[in-house]
Amino acid sequence: MTLRLFNTLTGQIEALVPADGGALRMYACGPTVYDYGHIGNFRTFLQIDVLRRFLHLTGVPVRHVMNITDVDDKIIRNAAQAAVPIGQYTAQYEQAFFEDFEALRIERPEVLPHATDHIPRMVELVEKLAAAGAAYRTEDGSWYFRLSAFPEYGKLSKKDLSGIADGARVDLDEYEKDSARDFALWKAVKEGETSWDTAIGRGRPGWHLECSAMSMECLGDSFDLHAGGEDLMFPHHENEIAQSETATHKPFVRHWMHVRFLLVDGKKMSKSEGNFFTIRDLLLKGYKASAIRLALISVPYRHQLNFTFQGLTEATSAIDRLRTFRGRLVETVFPPGETAPMQEAAHHARAAYMAALANDLNTAEARAPIFDLVRAANTAIDQGQFSAADSDAILAVLQDFDAIFDVLEDRDDGPTQRALVWAEQVGRLDDVAPELLTRHSLTDEAVETLVAERTQAKLQRDFARADQIRNQLAQQGVVIEDSKDGVRWKRK
RNA sequence: GGCGCGGUACCCAAGUGGUAAGGGAGAGGUCUGCAAAACCUUUAUGCGCCGGUUCGAUCCCGGCCCGCGCCUCCA
């Protein structure tokens, strides 16, 4: 099954296949590690994770490169304020970023280049552009890209910049950019700033240059897919195309994927609006990592996602339903054999699920057949028309579902515990939801003991005692479920 | 102003030229000592408004209203 994915460059939904028949070579613009990542950042990374997981599920090997921008204006400014070297400053946020990555179960890209490790490649690229007459140096020692050298500029974002590109030239005496739209390739050193001494002078790379240099170094002059948030389309990706294609005279990227923004309560997230959330903020409020993951991927990547706390709560309930169902299949002993309706239902669910994903990664549509299957199977089980092979077939479908969504296994405790430890370290315990602190006051063994005592009480028809224990456990976040096959409990 | 996206039930959210997936929430019921879980039933003659094309439009075309994003650092 071939993935059909919208291509920003052509405006069409097109098959995404490796050009050379080997691994699909993809590049995603990664984080600038100057602060904690927010849910908007992670929506983009999660959607890219859905893409790579689907490629894997369909047997397409992937070589995925994501850069770490570890030098830029904000980093230099913040590191100076903290009076530490930028490498020390960025290390803590890079570590935090990957902790959040792991909490959300985002798969690690194959290659994670750091900008500061690839300065020579960037310098080479500037030299190459300068030789071609497409880059020039200003009096202060900065280098700019000459937009007029690349007539196709604007082809990705569909902007017509012809009127601006030919705008008024300024006198050479003013030592300014030749054209207002020309963008910086290399920024000359300023007093006290981190810089590199190179053949093109002392300074540091511009952001756009970093991505061109590292992507081509890791993936070749032309590669299959480049992904990022919609805001990067212009000017960042447009500039990457201009630099790269001017330098190589080859098509830079065949397929461009842009993830639309996440809104919070209908508005773009920003610190000034007060609707700005990091993953850690949500974990401390008591939301589960799996719920965050599901909420952020359930709306297809080409649609705006309006993030709300209610949405997180709904995702939590949806996950509970799936986990409960799977638990039922795993724990129940069904009679041997298979039933035609259930085999058919399983087959149909998988086909519908895969087709929805193959169609431009429609995650919302992909969920539906899975929930249909849950209902059909639960009904069949209740009616005693369900066999062991049906269970196996459905578990296999769930496994494929989880190969993308990855929420069925309850691994939520780890991220929450780590967030609590972090909150203590950085002095944010005041932001922790109270129930989170009491939730884990009971060990599994203690719960088992109480559950056993309650079962005993029930056998003796001492329902008052049994209910008392159940209430006590509920207050500590443990839910009890009685069934024919025994007592189940889970942490809420 | 330029470019682009969206407006579907109480909420979230797919989708199709032939009469509306799924999730959540609510209500009633089955089961249960009672709950929980699970299942069943139920909640849009309707898909922003007005025209047009069509045998037929929520889905195509035009206009209007409303919301949002990008155009500057930004996922």
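Each chain has its residues counted from 1, following the order in which its sequence is written. Working convention: letters from A go to chains and numbers from 1 go to ligands, in the order in which they are written. Two thresholds apply to this predicted model, a pLDDT of at least 70 for residue-level local features and 80 or more for giving and counting side-chain atom pairs, whereas whole-chain, interface and lining totals are computed over all residues. For the side-chain quantities, the full set of heavy atoms in the structure was used; hydrogens and water were omitted.

Peer 1: Give me the overall build of chain A: which residues, what numbers.
Peer 2: When helices and strands are counted, chain A shows 17 helices and 16 strands. In terms of principal-axis extent, the alpha carbons of chain A reach across some 95 × 55 × 35 Å. Buried means the residue's accessible area, taken with a 1.4 Å probe over protein chains only, is under 20% of the maximum for its type, while exposed means over 50%, and partly exposed covers the values in between. Taken across its 492 residues, chain A has 50% of its residues classed as buried. Contacts are assigned to residue pairs that have any heavy atoms within 4.5 Å of one another. Sequence-distant contacts, at least 24 apart, represent 76% of the contacts inside chain A between residues at least 6 apart. Only the protein chains shown count as covering a residue, and every accessible area follows the Shrake-Rupley method with a 1.4 Å probe. As displayed, chain A offers around 22500 Å² of accessible surface, 49% of which is attributable to carbon and sulfur atoms. By the counting rule applied here, Lys and Arg register as positive and Asp and Glu as negative, while His and the ends of each chain are not counted. By convention, the point assigned to a charge is CZ for Arg, NZ for Lys, CD for Glu and CG for Asp. Charge centroids of chain A, computed over 56 positive and 73 negative side chains, lie 4 Å from each other. A run of H or I in DSSP counts as a helix once it spans at least four residues, and a run of E counts as a strand once it spans at least two, with each numbered from the N terminus.

Peer 1: Pulling in residues and values, what's your account of the domain arrangement of chain A?
Peer 2: Under the domain assignment used here, chain A contains domain 1 (4–259), domain 2 (267–404) and domain 3 (441–491). The C-alpha-based centres of domain 1 and domain 3 are spaced at 56 Å. Domain ranges listed in this record stem from an automatic or a database domain assignment.

Peer 1: Go over the side chain of H118 with me, naming the residues and quoting the values.
Peer 2: Along the chain, the position of H118 falls in the loop between α3 (86–103) and α4 (119–131). Dropping the residues within four chain positions of it, H118 is found in contact with P113, M214 and E217.

Peer 1: Any chance you could break down the packing of aromatic side chains for me, citing the residues and the numbers?
Peer 2: Stacked, edge-to-face and tilted labels apply to pairs of Phe, Tyr and Trp rings (six-membered ring for Trp) whose centres lie within 6.5 Å, assigned for plane angles under 30 degrees, over 60, and everything in between, in that order. What the rule picks out here adds up to 25 aromatic pairs. Between F307 and F309, the ring centres sit 6.0 Å apart and the planes meet at 75 degrees, which makes this aromatic pair edge-to-face. Here F309 falls in the partly exposed class, since its relative accessible area comes to 28%. An aromatic cluster is present here, built from F42, F45, F97, F98 and F101 joined pairwise through their rings. Geometrically, a charge over a ring is one whose NZ (Lys) or CZ (Arg) sits within 6 Å of the ring centre while staying within 35 degrees of the ring normal. Across the ring face of F234, the terminal group of K159 is positioned such that the distance to the ring centre comes to 4.9 Å.

Peer 1: Outline the pairing of strand β11 (residues 253–259), supporting the account with residue identities and numerical values.
Peer 2: A large share of β11 lies buried, amounting to 6 of its 7 residues. Any two strands between which DSSP finds at least two bridges are classified as paired. Sheet topology note: the strand β10 (residues 223–229)/β11 ladder contains 6 bridges and is parallel. Counterpart to G229 in the pairing with β11 is V259. Handedness of the crossover is the feature at issue here: the chain leaves β10, passes through helix α7 (residues 233–248), returns alongside β11, and the resulting connection is right-handed. Viewed with both strands pointing away, a crossover whose connecting path from the first strand over the helix to the second turns clockwise is right-handed.

Peer 1: Describe in detail helix α6 (residues 207–219), supporting the description with residues and values.
Peer 2: Given the number of residues in a helix, its expected span is that number minus one, multiplied by 1.5 Å. Under the 1.5 Å per step criterion, the end-to-end length of α6 is 18 Å for 13 residues, consistent within 8% with the ideal 18 Å. In terms of burial, α6 is largely enclosed, as 11 of its 13 residues are buried. Once α6 finishes, G220 follows within two positions and takes phi at roughly 100 degrees, a positive value.

Peer 1: Which residues make up the protein's contact with RNA strand B, and what are the values?
Peer 2: Being near a molecule or strand, for a residue, comes down to having at least one heavy atom within 4 Å of it. Neighbouring residues of RNA strand B: 52 residues in total, closest W207, G229, K267, K268 and R470. Atoms of RNA strand B within 4 Å of the protein belong to the sugar or the phosphate in 67% of instances, the rest to bases. Residue K74 places a side-chain N or O atom 3.4 Å away from a sugar or linking oxygen belonging to RNA strand B. Polar contact criterion, stated in full: a pair of N or O atoms within 3.5 Å, where within protein one must be able to donate a hydrogen and the other to accept it, and residues adjacent in sequence count only if both atoms are side-chain atoms. Within the side chain of R367, one N or O atom sits 3.3 Å away from a sugar or linking oxygen of RNA strand B. If you tally residues by element for the surface near RNA strand B, the top one is helix α12 (residues 363–382), at 10 residues. Residue classes follow a fixed rule: Ala, Val, Leu, Ile, Met, Phe, Trp, Tyr, Cys and Pro count as nonpolar, while Asp, Glu, Lys and Arg count as charged, and any other residue, Gly among them, counts as polar. Considered class by class, the residues forming the surface near RNA strand B number 15 nonpolar, 15 polar and 22 charged.

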